[in-house]
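# Coordinates in review
As a plain string of letters, each chain reads:
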Amino acid sequence: MIADPATLDLADPQTFLDVDLPGLWRRLRAESPVHWNEPRGDNPGFWVVTRHADCVAAYKDNKNLTSERGNVLTTLLQGHDSASGKMLAVSDGEHHRAVRNLMLKSFSPRFLESVAEQVKARTRALLAEVIERGSCDFATDVADHIPINTIGDLMDVPAADRPKLVDWNNRTLSRISSEDSQMDEWLARNEILLYFTELADQRRRNPGDDVLSALANGLVDGRPLPEDEVVFNSYSLILGADESSRMSSIGAILALAENTGQWRALKNGDVSIASATEEVLRWTTPAMHFGRRAVADVELGGQLIRDGDVVTMWNSSANFDEDVFDDPARFDLGRTPNRHIAFGFGPHFCLGAYLGRAHVSSVLEGLRDLVSEIHVEGPPTRLYSNFVYGYSSLPVRLSPA
Ligand code: HEM
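Residues numbered from 1 in each chain as written. Predicted model: local features only at pLDDT ≥ 70, side-chain atom pairs only at ≥ 80, totals over all residues. Heavy atoms only, no water.

### Describing the packing of aromatic side chains
Describing an aromatic ring pair means giving the distance of the ring centres and the angle of the ring planes. For clarity, the threshold we go by: Two rings belonging to Phe, Tyr or Trp (six-membered ring only in the last case) form a pair when the distance between their centres is within 6.5 Å. Interplanar angles under 30 degrees mark stacking, angles over 60 mark edge-to-face geometry, and anything in between is tilted. Helix and strand definitions follow DSSP, with helices as H or I runs of at least four residues and strands as E runs of at least two, each counted in order from the N terminus. Relative accessibility under 20% of the residue-type maximum defines a buried residue, over 50% an exposed one, and the middle range a partly exposed one, all with a 1.4 Å probe and only protein chains included. Both a distance and an angle decide whether a charge sits over a ring: NZ of Lys or CZ of Arg must be within 6 Å of the ring centre and within 35 degrees of the ring normal.
Overall, the coordinates contain 10 aromatic pairs when judged by the stated rule. Where Phe-16 meets Trp-314, the ring centres are 5.7 Å apart and the plane angle is 15°; that geometry is what we call stacked. With Phe-16 in helix α1 (residues 13-18) and Trp-314 in strand β10 (residues 310-314), the pair connects residues that are 298 residues apart, well separated along the chain. The exposure class of Phe-16 is buried, given its relative accessible area of 1%. Above the ring of Phe-320, the side-chain terminus of Arg-282 is found at 4.8 Å from the ring centroid. Positioned above the aromatic ring of Phe-325 is the side chain of Arg-282, whose terminal nitrogen or guanidinium carbon lies 5.3 Å from the ring centre.

### Side note on the confidence of the model for the protein chain
Quick note on the threshold: What pLDDT conveys is the predictor's confidence in a given residue, as a value from 0 to 100.
For the protein chain, per-residue confidence averages 94 on the pLDDT scale, and 98% of positions sit at 70 or higher. If you check the scores for this complex, the pTM reads 0.95 and the ipTM reads 0.99.

### Some remarks on empty space enclosed by the protein
For the record, the criterion: Method remark: on a 1 Å grid restricted to protein atoms, a set of points is classed as a cavity if a 1.4 Å probe fits but cannot get out and as a pocket if it is open with protein on both sides within 12 Å along at least five of seven lines; lining residues have an atom within 4 Å of a point. Grid points are joined across faces, edges and corners, and a volume is the space filled by probe spheres set on the points. Residues are sorted three ways: Asp, Glu, Lys and Arg are charged, Ala, Val, Leu, Ile, Met, Phe, Trp, Tyr, Cys and Pro are nonpolar, and all the rest, Gly among them, are polar.
In the structure shown here, the tally under the stated rule is 1 cavity of 30 Å³ or more. Within this model, the largest cavity holds a volume of roughly 30 Å³. Here the residues of the lining of the largest cavity are counted per class, giving 5 nonpolar, 2 polar and no charged.

### Quick look at the sheet that holds strand β11 (residues 371-376)
Here is the rule: Only when DSSP finds a minimum of two bridges between them are two strands counted as paired. To get an axis, a line is fitted to the C-alpha atoms, and for a helix only the part in contact is used. The angle between two axes follows their N-to-C directions and goes from 0 to 180 degrees. When checking whether two residues touch, look at their non-hydrogen atoms; a contact exists if any pair is within 4.5 Å.
The 3 strands lie next to each other as β4-β14-β11, forming an open sheet whose pairing is antiparallel. At either margin of the open sheet sits one strand with a lone partner, and together these are β4 (135-137) and β11. Put simply, the sheet's adjacent strands are angled 30° from each other on average, direction ignored. Bridging between β4 and strand β14 (residues 395-400) involves 3 bridges; their strand directions are antiparallel. Its bridge partner lying in β14, Ser-135 is registered against Arg-397. Those strands touched by helix α6 (residues 109-133) are β4, β11 and β14, and its axis lies near 95° from that of β14. Each of β11 and β14 touches helix α12 (residues 227-258); the most contacted strand, β11, lies at about 95° to it.

### Structural notes on the site of the ligand
What counts, and what does not: We define proximity as follows: a residue is near a molecule or strand when any one of its heavy atoms falls within 4 Å of that partner. The term polar contact refers here to a pair of N or O atoms within 3.5 Å; inside protein, the definition further demands a hydrogen-donor-capable atom paired with an acceptor-capable atom, and it admits residues adjacent in sequence only when both atoms are side-chain atoms.
In the region of the ligand, 26 residues are neighbours, and His-96, Arg-100, Arg-292, His-348 and Cys-350 sit closest. His-96 has a polar side-chain atom sitting 2.8 Å from an oxygen atom of the ligand. A distance of 2.7 Å is found between an oxygen atom of the ligand and a side-chain nitrogen or oxygen belonging to Arg-100. Listed by contribution, the elements that provide at least two residues to the shell around the ligand are α5 (93-104), α12 and β7 (289-294). Among the elements that make up the shell around the ligand, the one with the highest residue count is α12 (5 residues). Of the residues in the shell around the ligand, the class split is 15 nonpolar, 9 polar and 2 charged.

### Thoughts on the pairing of β10
Along β10, 5 of the 5 residues are buried, which leaves the element largely enclosed by surrounding structure. Burial along β10 is two-sided: the face carrying Val-310, Thr-312 and Trp-314 and the face carrying Val-311 and Met-313 are both buried. Here strand β2 (residues 46-49) runs beside β10; their pairing, made up of 3 bridges, is parallel. In the sheet register, Trp-47 faces β10, and the bridge partner there is Val-311. Here β7 pairs with β10 via 5 bridges, running antiparallel. Bridge pairing in β10 places Phe-290 opposite Met-313.

### Considering the environment of Val-310
Here Val-310 lies in strand β10. Taking the C-alpha atoms as reference points, Val-310 and Thr-50, 260 residues apart in sequence, are found 14 Å from one another. Excluding residues that lie within four positions of it along the chain, Val-310 makes contacts with Phe-46, Trp-47, Leu-76, Arg-292 and Arg-293.

### Thoughts on the nonpolar core
Stated formally: What we call a nonpolar core is a set of buried Ala, Val, Leu, Ile, Met, Phe, Trp, Tyr and Cys residues that are connected through their side-chain atoms within 4.5 Å.
Counting residues in each nonpolar core, the largest one holds 88 residues, and the members touching the most others are Phe-138, Phe-196 and Leu-398. Residue contributions to this core peak at 15 residues, all from α12. Ignoring anything within four residues of it in the chain, the contact list for Leu-398 reads Leu-127, Val-130, Ile-131, Gly-134, Phe-138, Leu-367, Val-371, Glu-373 and Ile-374. Counting residues in each nonpolar core, the second largest holds 17 residues, with Leu-8, Phe-16, Leu-21 and Met-288 among its members.

### Focus on the layout of surface pockets
By volume, the second largest pocket is sized at about 660 Å³. At the level of secondary structure, the elements contributing two or more residues to the lining of the second largest pocket comprise α1, α2 (21-31), α12 and α14 (273-284). Of the residues that constitute the lining of the second largest pocket, the class distribution is 16 nonpolar, 5 polar and 5 charged.

### A few points about unusual backbone geometry
Between Thr-336 and Pro-337 the backbone carries a cis peptide bond, its omega angle lying at -10°. Inspection of the secondary structure puts Pro-337 in the loop between α15 (315-318) and α16 (353-370). Positive phi outside glycine occurs at Asp-156, with the angle close to 55°. Mapped onto the elements of the fold, Asp-156 is located in the loop between α8 (147-155) and α9 (162-173). Taking the relative accessible area as the measure of exposure, Asp-156 reaches 42% and is therefore partly exposed. One non-glycine residue, Asp-327, lies in positive phi territory at about 45°. Inspection of the secondary structure puts Asp-327 in the loop between α15 and α16. Look at Asp-327 and you get partly exposed, because its relative accessible area is 43%.

Here it is, written out as structure tokens:
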């Protein structure tokens, strides 16, 4: 039985653990592609956009749909984001463009190529270690250590501080269980902000060639970026870089273990790492949704969205839209074309897409070269979140090639 969307609350993280998600998205795309999620408790109602074309249209329209009052359900339903206008992802217009340009300088492919090489080497070393050991938890023993070290290197975060940043990230974005409180989430967020206030101060006095130094000393319209903007953007980099990439890598292991034909295709070199990476990103879609607030009446997918309404775009549905993907429920590492929107679309398209891809491809390449068989040894543990789809634990045995 596919759940009736009218009775569901997509703001409630528990919903994502309880329902048949692919079935729900299929039903919404077919019956109510721009669906109204009724108000529940203290939360106002909001629009749920599930078709690829409508999500793309919403992502592109940053004139009528702003990010400045939040870009995920949690902040959108509160009515504001405390980093509004001060953090790239929740800024719009000229300032967004100027800060994005400043940050892009540190994210140019020429600079990132050497980082991608380090990612590969680090992933291979981690894989070699767990293969030798036999059994491992792929989430905590491997995936947890890859992206945080990449963004850590880019921002020159001392190695000893990185484990606590992963822990704070986990608490901020996706609570591991329903018992973790909102207070815990809030405290973790403040820890990260405080941490980067201190580190940015050091970099201002003593700059290096890292991204944090670029933010702390860079000029926007001839003026240095204010301290709070440096801190909020550092926070968003550490959060953005870490969690989504981890979730894609963990999801890749699970998908390969469940689809042995595709695992063989990868091992035999029948599919390229590049196309396999795109399919893993589509299949796992770690950032389930992003959202906007309407600042004018606007039509979307045949629905009138009123000025002030919250609109959420569900990448996790759009990436399985049968109007765009042939046989979308098939995990097909050779899929071309693959117009997934796991990294969003338009003016806020993911700044770290190159790095996200580098993380996933390093895992796929490492598995292809070093592993013969993947055995899942116990049930994976899903995150408790309405935003991030993924697993906090995945016990596996990786046999040597
Ligand atoms: C934006 C997904 C990796 C930093 C976004 C957006 C998505 C996304 C969907 C659009 C948000 C919106 O429209 O409101 C992902 C996924 C990743 C990933 C699935 C990995 C598999 C990274 C990495 C970094 C990063 C590695 C940093 C190094 C950012 C930033 C933005 C962003 C700063 C805001 C861009 C802007 O507003 O102009 N990401 N991301 N992400 N991402 Fe990523």
